[in-house]
Amino acid sequence: MSDLPPAGSHIHLTAICGVGMASLAGLLKARGYRVTGSDQNIYPPMSTYLADTGINVLAGFRAEHLVPRPDLVVIGNAVSRNNPEAEAVLNQGIDYISFPQALGRFLIGARSSLVVAGTHGKTTTCALAAWVLTSAGLDPGFFVGGVPLNFASGWNAGTGEHVVLEGDEYDSAFFDKGPKFLHYRPRHVILTSVEFDHADIYRDLDHVKSAFAKLVDIIPADGSLVVCSDYPDAVTLSRAVKAPSVTYGESGDWTAQNVKFDQGRSFFEPCFKGRSEGLIEAAVIGLHNVKNALAVYAMGRTMGIASAKLRDGFSTFKGVRRRQEVRGEKRGVTVIDDFAHHPTAVRETIDAVRGAYAGRRLWAIFEPRSNTSKRNVFANEFAAALALADQTIVASVYQPERVPEDQRLSVQDLVGKINRIGGAGRALTIADSAAIAEHVARHSRAGDVLLVMSNGGFDAVHDKILKALAG
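Residues numbered from 1 in each chain as written. Predicted model: local features only at pLDDT ≥ 70, side-chain atom pairs only at ≥ 80, totals over all residues. Heavy atoms only, no water.

A. Summary view of helix α9 (residues 307–315). When we look at burial in α9, the residues that qualify are S307, L310, G313 and F314. Seen end-on, α9 carries its buried residues on one side only, within an arc spanning 125°. Exposed side chains of α9 directed beyond 90 degrees from the buried face belong to A308 and D312. The inward-facing, buried residues of α9 contact α5 (122–135), β18 (280–282) and α8 (287–302). (Buried < 20%, exposed > 50% of the residue type's maximum accessible area, 1.4 Å probe, protein only. Helix = DSSP H or I, 4+ residues; strand = E, 2+ residues; numbered from the N terminus. Arc of directions from axis to C-beta. Contact = heavy atoms within 4.5 Å.)

B. Structural view of the environment of G447. Within the secondary structure, G447 is located in the loop between α13 (433–443) and β24 (449–453). The sequence separation of G447 and V333 amounts to 114 residues, and the corresponding C-alpha distance is 5.5 Å. With residues near it in sequence (within four places) discarded, G447 still touches G332, R360 and R361.

C. Quick look at the environment of C17. Along the chain, C17 turns up in the loop between β1 (10–14) and α1 (19–30). Assessed through its relative accessible area of 8%, C17 is described here as buried. With residues near it in sequence (within four places) discarded, C17 still touches D39, N41, I42, M46, L50 and V57.

D. Focus on the packing of aromatic side chains. Scanning the model with the defined rule gives 12 aromatic pairs in all. Relative to F151, the ring of F142 has its centre 4.4 Å away and its plane inclined at 50°; by these criteria the two rings are tilted. F142 sits in the buried class, given a relative accessible area of 0%. When the centroid spacing of 5.6 Å and the interplanar angle of 45° are considered together, the rings of F181 and F212 count as tilted. (Phe/Tyr/Trp six-rings, centres within 6.5 Å; stacked < 30°, edge-to-face > 60°.)

E. A look at the sheet that holds strand β22 (residues 391–394). With respect to topology, 6 strands assemble into an open sheet ordered β19-β20-β24-β21-β22-β23, the strand pairing being mixed. Both outer strands of the open sheet, β19 (325–330) and β23 (427–429), are each paired with one neighbouring strand and no more. Between one strand axis and the next, the sheet turns through 20° on average, direction left out of account. Pairing of strand β21 (residues 362–366) with β22, which is carried by 4 bridges, proceeds in the parallel orientation. Bridge pairing in β22 links W363 to Q391. Each of β20 (333–338), β21 and β24 touches helix α10 (residues 343–356); the most contacted strand, β24, lies at about 160° to it. (Pairing = 2+ DSSP bridges. Axes fitted to C-alpha atoms, helices over the stretch in contact; angles between N-to-C directions.)

F. Layout of the sheet that holds strand β4 (residues 72–75). A sheet is described by the order of its strands in space; here 5 strands give the open sequence β3-β2-β1-β4-β5, paired in parallel fashion. Edge positions in the open sheet fall to β3 (56–59) and β5 (96–98), since each of these has one partner strand only. Looking at each pair of strands side by side, their axes are set apart by 25° on average, direction ignored. Two strands pair when backbone bridges link them, and β4 and β5 are joined in this way by 3 bridges, in the parallel orientation. When the sheet's bridge partners are listed, I75 is paired in β5 with S98. Of the strands in this sheet, β1, β4 and β5 are in contact with helix α4 (residues 99–108), which crosses β5 at around 95°.

G. Structural context of the nonpolar core. Formed by 120 residues in total, the largest nonpolar core has its most connected members in L13, L24 and F314. Other than its neighbours up to four places away in sequence, L13 contacts M21, L24, A25, L28, V35, T36, G37, S38 and V74. (Core = buried A, V, L, I, M, F, W, Y, C linked by side-chain atoms within 4.5 Å.)

H. View of the side chain of E85. Summarising the element assignment, E85 is placed in helix α3 (residues 84–92). Here E85 sits buried without a salt bridge, and the closest side chain of opposite charge, R62, lies 7.5 Å off (N-O distance). Separated by 3.0 Å, the side chains of E85 and H12 make a polar contact. Among the polar contacts made by the side chain of E85, one reaches the side chain of T14 at a distance of 2.8 Å. With residues near it in sequence (within four places) discarded, E85 still touches H12, T14, S38, G60, F61, R62, A63, H65 and L66. (Lys, Arg positive; Asp, Glu negative; His and termini not counted. Salt bridge = Lys/Arg side-chain N within 4 Å of Asp/Glu carboxyl O. Polar contact = N/O pair within 3.5 Å; in protein donor to acceptor, adjacent residues only side chain to side chain.)

I. Molecular detail of helix α6 (residues 205–217). Taking 1.5 Å of rise per residue, 13 residues should cover 18 Å, and α6 covers 18 Å from first to last C-alpha, within 8% of that figure. Looking only at α6, the buried set comprises H207, V208, A211, F212, L215 and V216. The elements touched by buried residues of α6 are β6 (112–117), β11 (176–179), β12 (186–191), β13 (224–228) and α7 (232–238). N-capping of α6 is provided by D204, with a side-chain oxygen placed 3.3 Å from the backbone N of D206. (Expected span 1.5 Å × (residues − 1).)

Here it is, written out as structure tokens:
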């Protein structure tokens, strides 16, 4: 790690308020660097985290934010080539790297990395793996694209030989269009799923598969791959790996048997080729999260960790902020926040919440915000998923001007599809968060569960709903 800047160097992060970038800022500050950052979308929880960490966040993007001249600039993947700070970096010859390059340099180093990749479930699976290894006494470094509730933040330098990382397939930066996970030097990989996503940068499913194929290809022969058998494309890709591999899922080498749910917890027996390794209690809800837990258990055993050392971490896992996180309850109405923004994730999250709150009326409140959900490519799939709720509210498309009109999701058409599937009156569209809160306060009743889904701040709709219910 001789290429590291000396302690006390000034590192500036452009687009610091992304979940990953904010966590990186915390890591760099803890490493002894002077950290500043800038962003145009400054909202909780990351703005709160940065303030608590004592990192100065400058509003907007301006060349003067790079005065005095920083020693290094980390440029987030949301930053375009014509960003004023990017222009200043290039014009002035300031050293710069991408976010995943920074993780490789400042966190991974020469250690062994465990990368959790896939279209769905990365954050929860990665957080769970970090906690299970920590509970096993291995003190791993980790970097999670969220805030695990077992830890103070989404990162930890750790002193152990392992680093657990969430491996995103999104591109790295405007100057590096390859997937982030290619910078993480993976020795061990959990591949949770492969489906079409990120329609703004991937043409189709084959294009997505080509990114994951590159990840599989760089796993060394002394590493390992644990892949979900429920996704045929993931299994096909795994056949090219040079390292040993095992599958998990409904029909994999590893299966979860005798699954039961009770009081917000799951119980299952991890079985390798039909042989049970005893009962695991996991503090997660939903069948998809049981599979995520199974993936972590399978990887732990593949890495040679004894079952007894793995067991405690599952039962004491507290989850991840914004993943089925209960934000509050007023007038007997429970408000839950979730990051779901792909139709598969929306469907699985609705199923999980309904199972955890059986017999209660379930509202799905959805914001089309991600670059995929703002497009009409998955309109039918979103309609089928959202129709599983008893009541559905769809907000306006976030920043619709960023999507070509012929590709843009029509919220009115989506609501019509939901009502044709689930019955008239099941869904409606309400443009903004204040109006959503007012509608919910007027029409919800004690016992209702409100599941809010967005991959962004959703204009603090959760807080507005709770305030409206209290009033």
